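Structure assessment
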Amino acid sequence: MRRRTTLTMGPAALLALQAAHRLPIAYAQGSGRTFRFGAPAEPVKLDPADTTDAESARITEQIFDNLVMFEGSTTNLRPGLATDWAVSPDGLTYFFNLRSGVTFHDGTPFNAEAVKWNFDRWMNPDNPWRGGGTFEYWTDVAGFNEVIRSVDVVDANTVQINLNEPQGTLLLNLALFAFAIASPTALAADPEGFARRPVGTGAFRFVEWVPGDRVVMDRNEAYWGEQAKVDRVVVRAIPDNAARFQVLRSGSIDMMEGANPDDVPTAQRDRSLQVILRPPLNVGYINMNLRQRPFDDVRVRQAMAAAINRPAIVEALYGGTGTVASQLIPPSVMGWNPDVAGPRYDPDRARQLLAEAGLPGGFTTDFWVMPVSRPYFPSPQPIAEAIVSDLGRVGIRAALRRETDWGTYLQRRNQLEYPVWMLGWTGDTGDPDNFLYTFFGPSAPDNSWDNDAVKGLLRQAQRSPNMEERQRIYQLVNSVVEAEVPRIPIAHTTPPLIARANVRGYNANPTSTEYYNTVSVG
Amino acid sequence: MNSELAAAARTGQLPVVAPALPVPVRPLRGPLTDALRRLRRDRAAIAGLLIILLMALLAVGAPLITRQDPIEQTLVNRLKPPSSAHLFGTDNLGRDVFARVLYGGRISLRVGLVAVALGVGLGTLVGLLAGYAGRVADSVISRLMEVLLAFPSTLLAIAIVAARGPGLENTMLAIGIIGVPVYARLTRASVLALKERDYVVAARCTGASGARILFRHILPNSLTPLIVQSTLGVATAIIEAAALGFLGLGAQPPTPEWGLMLTDARNFLLNAPWAMIFPGGAIMLTVLGFNLFGDGLRDALDPQMRP
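Just so it is clear, the model here is predicted, and its values are computed rather than measured.

**Re the overall build of chain A**
From N to C terminus, chain A includes 18 helices and 21 strands. Relative to the 2.2 N^0.38 estimate, which gives 24 Å for 522 residues, the radius of gyration of chain A is 23 Å and therefore close to what a compact globule would have. Expressed as lengths along the three principal axes of its C-alpha atoms, the size of chain A is roughly 70 × 60 × 35 Å. Considering chain A as a whole, with its 522 residues, one finds that 61% of them fall into the buried category. A sequence separation of at least 24 residues applies to 70% of the contacts in chain A between residues at least 6 apart. Of the roughly 18400 Å² that chain A leaves accessible, carbon and sulfur atoms contribute 50%. Side-chain charges in chain A split into 50 positive and 58 negative, and the spacing between the mean points of these groups amounts to 5 Å.

The following block contains the structure:
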């Protein structure tokens, strides 16, 4: 998932604190029936199908349901709007039995017609109800544009999905926040405005979105699943990490995500707070432009990897929530290769490799720093400074370069305008395809590693329904990546969430979004 | 003699000889000596001067005062409180804050001086031109300067740095440029007041060129307000440079610049206040020094301004 959120470090602290004092009484009081969450940024849009960022998904997950959904704090699947499902032996047809008696928040009945209506909207670029959306998850992440051919209504409570080719990860992909079922009535009435007034079947119904401030949702009394324990959810956008933490300590919010690593121990010592660690499903890495000298030489890339003291960086700058990454997928994901040890810190070896590559005096380059903090690089600036300092010790003179705008940074890296840059990925499904195909697949724009064998292997693994074969392929890819060093893995993290001690039942999900119907505020 | 005087009185012609009487005269003293005397009596100004000298000494002598490298990182030593090994403690990346504050002084003082020199240089030229060249040039230049002054100065500096790219050189340039209208207006005002003075008119009558009149006769006599303003200007420049550094637009890491150090340290304000207090204190002290000294200079050089 491309986290296009701006977790700016700007001096907005005072403004945020001021805003906290201006909140209407109903929100500011800890009534016990309102769950107030502090998010690093406000949502981009609340139409899940056209959303790519975690901050929007955090909210749409409460308002919408999928056919299949992730269970608690895992990426195991549970029945959602579909009660059960079956797959044809050739893997080309899926049948879903739908839950009956469910209605959208606007009273529209949920049935097979509604499901087909949503799929038609996602798959057909000429559909009139798309509201100008580009639906990136349908094409770029799930690859459904090539896989799903059509959706048929079998009867009022059964749908059939027909595929062009088998996809082993289809059910996992259907649980992505992007494939949540929206109310056809509400969408047809106002396809553009829907992203500001979403209507789904979820445990909470949308109340209001105050731009730049908060989104308010109330409990859906008619929810088909577990009834929400709080009456109201308020998600407030507080961009500054330190300010958000202060607002939490003051008791104006109940929970927050995106803490400065050094605030985590403070929170752990504070008895009025609790730290909840999100299960790790991410990787932070250093990327290089392999089409440019000197990074076209594998010895230079190996020297870069050997020069960086990754254990020291993770130890010092991740506040105890990081582990050194040996490969580009975390250990919990299928295909993680136990034989891949990852680059070892060895500055002498790095100098020797540089000499072998014909660069005994090192070289000069630019190192681009991420302008926002993300779970895999919680404080990008000091991490980048530490890496650049390590590189300098073996003669690689990297100048720190900074882009101020996150969108520009992502765009320029997609156009391979940077020689060296930092980035990462948080998994959406827990499947290795969601990592490795996104990194090295044939359509990955920021991939400068032109290895057709690996691209073919990733395509093959995507099609294969055989889990053992897929695991072997991903393990193979991980060992090739270790040898060729197209990217340097740095760390996996367990991103910390900090809550007040009276928050119960929060299931932090590795995909970085979770359902709030289980949350209570005591 | 008496008869001559009487005769002169009668004819109405006074003698051209001056009376050779011993008149009590005040000891001869130039305006500079006068000003220095006044300055010496101003305790606040002396304190300001001492602060400036102290900060300059610490900055210049940094390598002699500390053996620590301001850039060298030791991650295991991060966020250590002040101790005998690290007088001001260590920062987020385990760098010695004392060394960084000392070396940071070099940068801040350099930025202050270079930026002010740039602003005074350009501003004076522009002001001389506006004041002396006549109506059209004056109107154009004055309006232009007013437009520049209408921008909040930090905003203008941010715009210049954003256009030219972050960095120390561009910081100095930006701060220099935002100072131009201030010095230009001061110079222009002096020129307008001075150019009708008798000695200027006399010089013009003797056929002196415009440049000669401007640089030999007018400029030296309009230096006083410029000196005062540029001393205060150094203080402003140091603050502006720190602000740009704080916003990530000025000096770039790992440069030990005071504003940049504040940005790095602000996330650790509760856990490691020393990483923020010392560079913040250094900015405050240096700026205080220049402000006190500048105020004292104004009082000393411009007696009319005194109450």
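**Here we look at the packing of aromatic side chains**
All names here are of chain A. A complete count under the given rule lists 32 aromatic pairs over all chains for this structure. Taking 5.0 Å as the distance between ring centres and 40° as the angle between the ring planes, the aromatic pair formed by Phe144 and Phe179 counts as tilted. Taken as a pair, Phe144 in helix 6 (residues 144-147) and Phe179 in the loop between helix 7 (170-174) and helix 8 (184-189) lie far apart in primary sequence, 35 residues in all. An angle of 80° between the planes, with centres 5.0 Å apart, marks the rings of Phe440 and Trp449 as edge-to-face. Residue class for Phe440 comes out buried when judged on its relative accessible area of 1%. Given the relative accessible area of 7%, Trp449 is considered buried.

**Considerations on the environment of Ser464 of chain A**
Residues and elements named next belong to chain A. Turning to its location among the elements, Ser464 is positioned in the loop between helix 17 (452-463) and helix 18 (467-484). Classification of Ser464 by relative accessible area gives buried; the value is 5%. Between the C-alpha atoms of Ser464 and Pro166, which are 298 residues apart in sequence, the distance is 7.2 Å. The contacts of Ser464, once residues within four sequence positions are left out, are Gly168, Glu469 and Arg470.

**Some points on the packing of helix 5 (residues 97-133) of chain B against helix 10 (residues 210-218) of chain B**
All names here are of chain B. Where helix 5 meets helix 10, the closest approach of the two axes is 12 Å, and the angle between their N-to-C directions is 115°. In this structure, helix 5 crosses over helix 10, and the sense of that crossing is right-handed. Packed against helix 5, whose contacting residues are Leu125, Leu128 and Tyr132, the element helix 10 presents Gly210, Ile213, Leu214, Phe215 and Ile218 at the interface. Among the residues forming the contact of helix 5 with helix 10, the class breakdown is seven nonpolar, one polar and no charged.

**Observations concerning the domain arrangement of chain A**
The extent of an interface is frequently quoted as the accessible surface area lost upon association of the parts. Residue and element names in this part refer to chain A. Segmenting chain A into domains produces domain 1 (29-40 + 203-277 + 499-521), domain 2 (48-54 + 61-196) and domain 3 (282-493). Spacing between the C-alpha centres of domain 2 and domain 3 amounts to 33 Å. Every contact between the two is made by 15 residues of domain 2 and, on the other side, 13 residues of domain 3. Of the roughly 1100 Å² buried at the junction of domain 2 and domain 3 (both faces included), carbon and sulfur atoms supply 48%. Sorting the residues of domain 2 by area buried against domain 3 places Val141, Gly168 and Thr169 first, and these three jointly supply 33% of that buried surface. Inspection of the domain 2/domain 3 interface yields two salt bridges. A salt bridge links Arg463 to Glu165, with the nearest nitrogen and oxygen atoms 3.3 Å apart. Counting the contacts that link domain 2 with domain 3 gives four residue pairs in polar contact (both at pLDDT 80 or more). Those elements giving two or more residues to the side of domain 2 that touches domain 3 turn out to be helix 5 (136-141) and helix 7. Within the side of domain 2 that touches domain 3, the residues separate by chemical class into eight nonpolar, five polar and two charged.

**What about the interface of chain B and chain A?**
Chain B puts 18 residues into the contact, and the matching count from chain A is 22 residues. The contact between chain B and chain A buries some 1600 Å² in all, and 49% of this surface belongs to carbon and sulfur atoms. In this structure, Arg266 of chain B engages Asp240 of chain A in a salt bridge whose closest nitrogen and oxygen atoms are separated by 2.7 Å. Between chain B and chain A we count 10 residue pairs in polar contact (both at pLDDT 80 or more) in total. Class assignment of the residues belonging to the side of chain B that touches chain A gives a composition of nine nonpolar, four polar and five charged.

**As for the sheet that holds strand 18 (residues 487-493) of chain A**
Sheets are built from strands that pair by backbone hydrogen bonding, the pairs being arranged parallel or antiparallel. All names here are of chain A. Strand order in the open sheet formed by six strands is 14-18-13-17-15-16, and the pairing between neighbours is mixed. Each end of this open sheet is capped by a strand with a single partner; those strands are strand 14 (322-324) and strand 16 (396-402). Mean inter-strand twist for the sheet, computed between neighbouring axes without regard to direction, equals 30°. Bridging between strand 15 (residues 363-369) and strand 16 involves seven bridges; their strand directions are parallel. Paired with Phe363 across the bridge in strand 16 is Ile396.

**Here we look at the nonpolar core**
Residues and elements named next belong to chain A. Counting residues in each nonpolar core, the largest one holds 77 residues, and the members touching the most others are Phe35, Phe96, Phe119 and Tyr506. The biggest single contributor to this core is helix 4 (residues 112-123), with six residues. Formed jointly, this core draws a minimum of three residues from each of two domains, domain 1 (29-40 + 203-277 + 499-521) and domain 2 (48-54 + 61-196). With residues up to four places along the chain from it excluded, the contact list for Phe119 reads Leu67, Trp138, Ile148, Val151, Ile161 and Leu174.

**Some points on the pattern of salt bridges**
Residue and element names in this part refer to chain A. Here the structure, examined in full by the defined rule, presents 41 salt bridges over all chains. Glu257 is paired through a salt bridge with Arg278; the nearest N and O atoms lie 2.8 Å apart. Taken as a pair, Glu257 in strand 11 (residues 255-257) and Arg278 in the loop between strand 12 (273-277) and strand 13 (282-288) lie far apart in primary sequence, 21 residues in all. With a relative accessible area of 2%, Arg278 lands in the buried category. One network of salt bridges, in which partners are shared, links Glu55, Arg58, Glu257, Arg278 and Glu514.

**Quick look at unusual backbone geometry**
In the segment running from Arg293 of chain A into Pro294 of chain A, the intervening peptide bond is cis, with an omega of -5°. As for its placement among the helices and strands, Pro294 of chain A is situated in the loop between strand 13 and helix 11 (298-307). In the segment running from Pro253 of chain B into Pro254 of chain B, the intervening peptide bond is cis, with an omega of 5°. With respect to the element layout, Pro254 of chain B can be found in the loop between helix 11 (223-246) and helix 12 (258-266). The phi dihedral of Val485 of chain A falls on the positive side, at around 45°, and the residue is not glycine. Phi at Leu79 of chain B takes a positive value of approximately 55°, unusual for a residue other than glycine. Assignment of secondary structure puts Leu79 of chain B in the loop between helix 4 (62-65) and helix 5. You can call Leu79 of chain B buried: its relative accessible area is 15%.

**Comments concerning the sheet that holds strand 12 of chain A**
All names here are of chain A. With respect to topology, seven strands assemble into an open sheet ordered 8-9-10-1-11-19-12, the strand pairing being mixed. One side of each edge strand has no neighbouring strand; the edge strands of this open sheet are strand 8 (204-210) and strand 12. Put simply, the sheet's adjacent strands are angled 20° from each other on average, direction ignored. Contacting strand 1 (34-39), strand 8, strand 9 (214-219), strand 10 (232-237) and strand 11, helix 3 (residues 54-63) runs over the sheet at an angle of about 15° to strand 9. Packing of helix 9 (residues 241-249) onto the sheet brings it into contact with strand 1, strand 10, strand 11, strand 12 and strand 19 (496-500), and relative to strand 11 it is tilted by some 165°.

**A few points about the environment of Arg78 of chain B**
Following the sequence through the fold, Arg78 of chain B ends up in the loop between helix 4 and helix 5. The exposure class assigned to Arg78 of chain B is buried, which follows from its relative accessible area of 14%. Between the alpha carbons of Arg78 of chain B and Asp91 of chain B there is a distance of 5.7 Å; along the sequence they are 13 residues apart. Once you skip the residues sitting within four places of it in the chain, Arg78 of chain B turns out to touch Asp262, Ala316 and Leu317 of chain A together with Thr90, Asp91, Asn92, Leu93, Gly94 and Phe268 of chain B.

Calculation rules
- Each chain has its residues counted from 1, running along the sequence as written.
- Here chains are named by letter from A upward and ligands by number from 1 upward, in the order in which they appear as written.
- Per-residue local features of the predicted model are confined to residues with pLDDT of at least 70, and side-chain atom pairs are confined, for both listing and counting, to 80 or more; whole-chain, interface and lining totals are unaffected and use all residues.
- Neither water nor hydrogens contribute to the side-chain values; these are computed over all heavy atoms in the structure.
- Helix and strand labels come from DSSP, where a helix needs a run of H or I of at least four residues and a strand needs a run of E of at least two; each type is numbered from the N terminus.
- Radius of gyration here uses only the C-alpha atoms, and the compact-globule reference equals 2.2 Å multiplied by the residue count raised to the power 0.38.
- Residue burial is assigned from relative accessible area. The probe radius is 1.4 Å, only protein chains are included, and a residue is buried under 20% of its type maximum, exposed over 50%, and partly exposed in between.
- Contact between two residues is taken to exist if any of their heavy atoms lie within 4.5 Å; hydrogens are not considered.
- All accessibility values rest on the Shrake-Rupley procedure with a 1.4 Å probe; residue burial counts only the protein chains present in the view.
- Charge counting treats Lys and Arg as positive and Asp and Glu as negative, with His and both chain ends excluded.
- We put the charge of a Lys on NZ, of an Arg on CZ, of an Asp on CG and of a Glu on CD.
- Two aromatic rings, drawn from Phe, Tyr or Trp (for Trp, its six-membered ring), form a pair once their centres lie within 6.5 Å of each other, and the interplanar angle then sorts them: stacked below 30 degrees, edge-to-face above 60, tilted otherwise.
- Note on geometry: axes are lines fitted to C-alpha atoms, helical ones only across the stretch in contact, with angles between N-to-C directions running from 0 to 180 degrees.
- Note on convention: the crossing is left-handed when the near helix lies turned anticlockwise from the far helix by less than a right angle, right-handed when the turn is clockwise.
- In this classification, the charged set is Asp, Glu, Lys and Arg, the nonpolar set is Ala, Val, Leu, Ile, Met, Phe, Trp, Tyr, Cys and Pro, and all remaining amino acids, among them Gly, are polar.
- Annotation comment: domain bounds sourced from an automatic or database domain assignment.
- For any pair of parts, buried area is found by adding up, for both, the accessible area (1.4 Å probe) each one loses once the two are put together.
- Between Lys or Arg on one side and Asp or Glu on the other, a salt bridge is scored when a side-chain nitrogen of the former is within 4 Å of a carboxyl oxygen of the latter.
- Here a polar contact is recorded for every N or O atom pair within 3.5 Å, except that within protein the pair must consist of a potential hydrogen donor and a potential acceptor, and residues adjacent in sequence are included only if both atoms are side-chain atoms.
- Whether two strands pair depends on DSSP finding at least two bridges between them.
- Residue types Ala, Val, Leu, Ile, Met, Phe, Trp, Tyr and Cys, when buried and joined through side-chain atoms within 4.5 Å, form a set referred to as a nonpolar core.

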